[in-house]
Amino acid sequence: MLKLIIVMGANCTGKTYFINTHFRDCKADILNVYDYQQRAYNEAGFGESIPLSAQFGCLMRANNLLLADTINKLQAGRDVVVEQTFYKAKRRIAFIDAIREALGTAEIKTEIYVMCPDDARWEANLRERGSNRSVESCRKQAAEEIEFPNPVEGFDEIYEVTGEKIRLRMDTLQPEIVDRAREELAQEAERIQAENEKKRRRRELIESMNTRPFWHYCEVCGKKEFITADEAFNSGWDYPPQMGIFGLLGPRKCGNCSIINTLYWKIHTPGRFPIVLEGELSPEELITWRRIKNEPESLLHDENSNNDIS
Ligand SMILES: [Zn+2]
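Residues numbered from 1 in each chain as written. Predicted model: local features only at pLDDT ≥ 70, side-chain atom pairs only at ≥ 80, totals over all residues. Heavy atoms only, no water.

Regarding the packing of aromatic side chains
Selection criterion: Two aromatic rings, drawn from Phe, Tyr or Trp (for Trp, its six-membered ring), form a pair once their centres lie within 6.5 Å of each other, and the interplanar angle then sorts them: stacked below 30 degrees, edge-to-face above 60, tilted otherwise. Secondary structure counts use DSSP, requiring at least four H or I residues in a row for a helix and at least two E residues in a row for a strand, with both numbered from the N terminus. Accessible area is worked out with a 1.4 Å probe on protein chains only. A residue is then buried under 20% of its type maximum, exposed over 50%, and partly exposed in between. Counting as a charge over the ring demands two things of the Lys NZ or Arg CZ atom: a distance within 6 Å of the ring centre and an angle within 35 degrees of the ring normal.
Tallying each qualifying case throughout the model produces 10 aromatic pairs. Note on F214 and Y239: the rings are 6.4 Å apart at their centroids and 50° apart in plane angle, and the pair reads as tilted. Of this pair, F214 sits in strand β7 (residues 214-217) while Y239 sits in the loop between α8 (229-234) and α9 (263-267), and the two are 25 residues apart along the sequence. Residue classification places Y239 among the buried residues on the basis of a relative accessible area of 3%. The ring of Y239 carries the charged tip of R252 above its face, separated from the ring centre by 5.7 Å.

Side note on the sheet that holds strand β2 (residues 29-32)
The condition that has to hold: What makes two strands pair is DSSP finding at least two bridges between them. The axes are straight lines fitted to the C-alpha atoms, using for helices just the contacting stretch, and the angles between their N-to-C directions are given from 0 to 180°. Whether two residues touch is decided by their heavy atoms; if any such pair falls within 4.5 Å, the residues are in contact.
Taken in spatial order, the six strands line up as β2-β3-β1-β4-β5-β6 in an open sheet, and their pairing is mixed. Looking at the sheet topology across the chains shown, the edges are occupied by β2 and β6 (165-168). The mean angle between the axes of side-by-side strands here comes to 20°, regardless of whether they run parallel or antiparallel. Judged from the four bridges that link them, strand β1 (residues 2-8) and strand β3 (residues 80-83) form a sheet pairing that is parallel. For L4, the partnering residue across the bridge sits in β3 and is V80. Sheet strands in contact with helix α2 (residues 33-43) are β2 and β3, and its direction is about 50° off that of β2.

Here we look at helix α7 (residues 175-208)
Selection criterion: One less than the residue count of a helix, multiplied by 1.5 Å, gives the span that helix is expected to have.
Between its first and last C-alpha atoms α7 spans 50 Å; for 34 residues at 1.5 Å apiece the expected length is 50 Å, and the two agree. Among the residues of α7, I177, V178, A181, L185, E188 and L205 are the ones counted as buried. Tucked inside the fold, the buried residues of α7 contact α3 (52-75) and α4 (89-103).

Focus on the pattern of salt bridges
Worth spelling out the cut-off: For salt bridges, the criterion is a side-chain nitrogen of Lys or Arg within 4 Å of an Asp or Glu carboxyl oxygen.
In total, this model carries 32 salt bridges according to the counting rule given. The residue K90 makes a salt bridge to E188 at a minimum N-O spacing of 3.7 Å. In this pair, K90 sits in helix α4 while E188 sits in helix α7, placing the two residues 98 residues apart along the sequence. Look at K90 and you get buried, because its relative accessible area is 16%. Taken together, the shared-partner salt bridges in this structure form one network comprising K90, R91, R180, E184 and E188.

Concerning the domain arrangement of the protein
Let me state the cut-off plainly: How far each domain reaches was decided by an automatic or database domain assignment.
Domain parsing of the protein yields domain 1 (2-173) and domain 2 (214-299). One C-alpha centre belongs to domain 1, the other to domain 2; they are set 51 Å apart.

Overview of the side chain of E295
Mapping E295 onto the fold places it in the segment after α10 (283-293). Those residues in contact with E295, other than ones at most four positions away along the chain, are R202, Y239, P240, I245, F246, G247 and R252.

What to know about the packing of α2 against α3
Going by this rule: Any angle that falls under 35 degrees is termed roughly parallel, while one over 145 is termed roughly antiparallel, one within 65 to 115 roughly perpendicular, and all others oblique. Take the far helix as your reference; a near helix turned counterclockwise from it by less than a right angle gives a left-handed crossing, and one turned clockwise gives a right-handed crossing. As a working rule, the residues Ala, Val, Leu, Ile, Met, Phe, Trp, Tyr, Cys and Pro are called nonpolar, Asp, Glu, Lys and Arg charged, and the rest polar, with Gly in that last group.
It is at 8 Å that the axes of α2 and α3 come closest, and there the two elements cross at 125°. Considered as vectors, α2 and α3 are oriented oblique to each other. Between α2 and α3 the crossing geometry is right-handed. Along the contact surface, α2 presents V33, Y36, Q37, R39, A40, Y41 and E43, while α3 presents Q55, C58, L59, R61, A62, L65, L66 and D69. Looking at the contact of α2 with α3, its residues break down into nine nonpolar, two polar and four charged.

Points about a nonpolar patch on the surface
Under the convention used in this document: Residues qualify for a patch when their relative accessible area is over 30% and they have no salt bridge, like charges being joined within 9 Å and the nonpolar side chains of Val, Leu, Ile, Met, Phe, Trp and Tyr within 5 Å. Exposure was quantified through the Shrake-Rupley algorithm and a 1.4 Å probe, taking into account, for residues, occlusion by the shown protein chains and nothing else.
Where nonpolar side chains cluster on the molecular surface, the patch consists of F273, I275 and L277 and spans about 320 Å² of accessible area. Secondary-structure assignment places I275 in the loop between α9 and α10.

Section: the coordination of the zinc ion
Note the cut-off: For Na, K and Ca the donor cut-off is 3.2 Å, while for other metals it is 2.8 Å, and in both cases only N, O and S atoms qualify; water is not among them, so sites may look incomplete. Only four donors with every angle between 85 and 135 degrees are called tetrahedral; only four or six donors with opposite donors over 155 degrees apart and all others between 65 and 115 are called square planar or octahedral, in that order; all others are irregular.
Distances from the zinc ion to its protein donors, namely C218 (SG), C221 (SG), C254 (SG) and C257 (SG), fall within the range 2.2 to 2.4 Å. Every donor counted, the four donor atoms about the zinc ion form angles of 106 to 116° at the centre, which fits tetrahedral coordination. Read N to C, the donor residues that coordinate the zinc ion are spaced as C-x2-C-x32-C-x2-C. A residue pair is termed long-range when its members are at least 10 positions apart, and C221 in the loop between β7 and β8 (224-227) and C254 in the loop between α8 and α9 qualify at 33 residues.

A closer look at the pairing of strand β4 (residues 108-115)
Of all eight residues that make up β4, seven are buried, and the element is covered over most of its length. Two elements, β1 and β4, share seven bridges in a ladder whose sense is parallel. Looking at the pairing, V7 lines up with Y113 of β4. Direction of pairing for β4 relative to strand β5 (residues 157-162): parallel, over a ladder of five bridges. Across the sheet, residue I112 finds its bridge partner in β5, namely I158.

Structure follows, in structure tokens:
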């Protein structure tokens, strides 16, 4: 029978050490989520510092890569040991569901080990990693965020690991955990799909700006023309996509006017911190600034035409 072993727990709780001590000699393949996270960050073009907005996507990507490899190895008849934080029941349920679905009727025994170190061990691990976090704060965070696995999630055996003690802990079945997880996962899938759809539409719109005619407004002389980017460039306009980036402050002017009279120039005065304060702008500058912030949508329709059904 195939075997899937998952080792979960907070950071610095000794997951890797536990795996090396107990499973290094068995013939299983060992997969560590940290390797996949690194890959996901690199793919997304991030090194050490990852913006918070990109973190969720990268962690999901890493989890999916790990899942795909786990399935591939099990399908090839290999036992697998997975190291993953797996705080939430819904993540574990989704993982196990996907594996069972991909493996069809193949029998798989699933075990999960939850690292629950005592203070001394956790403290030692933190110092070894060079972390200056206190055990108390780690323990508090773990207590708040980690949901201890319940047998309803689909595990055959669940173990609590404290120091050298490995204790089988099969809590009372709580079917509502699965119901709630599936509901949350469905909502999450819907949200991710909507976000992806929004990003796709945005990409298509930006792409279309290379070829479609759109409104070019000269912020200096007030001239406006409904022309393509090529036509604008050839007649001397400073306008994205050829000059500057949609939505970011830059000169927006015709070929007859000087950059010195643009909002961009004013904001980038030497010795002044280049930040736009709306309260300091003239009414004309405010119109320019808001138009720029709302690009490219603000350039699709003539802003002076009244499209209302009156
Ligand atoms: Zn002009």
